[in-house]
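# Residue-level structure breakdown
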Amino acid sequence: MKEDKKLICHLCKEELKRAKTFFKYLGHSFHTDLLRCPKCGQVFIPEELTKGRMADVEMQLEDK
Ligand SMILES: [Zn+2]
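Presented here is a report on the structure given in the accompanying data block. (Residues numbered from 1 in each chain as written. Predicted model: local features only at pLDDT ≥ 70, side-chain atom pairs only at ≥ 80, totals over all residues. Heavy atoms only, no water.)

## Describing unusual backbone geometry
Located in the positive-phi region is Lys-13, a residue other than glycine, with phi close to 60 degrees. With respect to the secondary-structure elements, Lys-13 resides in the segment before strand 1 (17–25). Classification of Lys-13 as exposed rests on a relative accessible area of 63%. (Helix = DSSP H or I, 4+ residues; strand = E, 2+ residues; numbered from the N terminus. Buried < 20%, exposed > 50% of the residue type's maximum accessible area, 1.4 Å probe, protein only.)

## Focus on the pairing of strand 2 (residues 28–36)
Of the pairings in the sheet, the one linking strand 1 to strand 2 comprises nine bridges and is antiparallel in character. Bridging from a neighbouring strand, Phe-22 pairs with His-31 of strand 2. Taking the residues that link successive antiparallel strands as the turn, the strand 1-strand 2 hairpin has two residues, and the phi of Leu-26 there is positive, at about 55 degrees. Remark: six residues form the turn of the hairpin made by strand 2 and strand 3 (residues 43–44), two consecutive strands paired antiparallel; Gly-41 in that turn has positive phi of roughly 80 degrees. (Pairing = 2+ DSSP bridges.)

Have a look at this one:
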């Protein structure tokens, strides 16, 4: 992953930290590194993740 830009939670003004996060998207469950607010737990899902990387993940899942 090459997203090194700092992201701030717009609710808490806290810097988001990368963390292993379990979440559901489009009926699939994913366990991956996502930026997460340490205060409120809000997960930031980058647009490129939903557009590009998700497709990769789904392909990996089907590959099994
Ligand atoms: Zn927050």
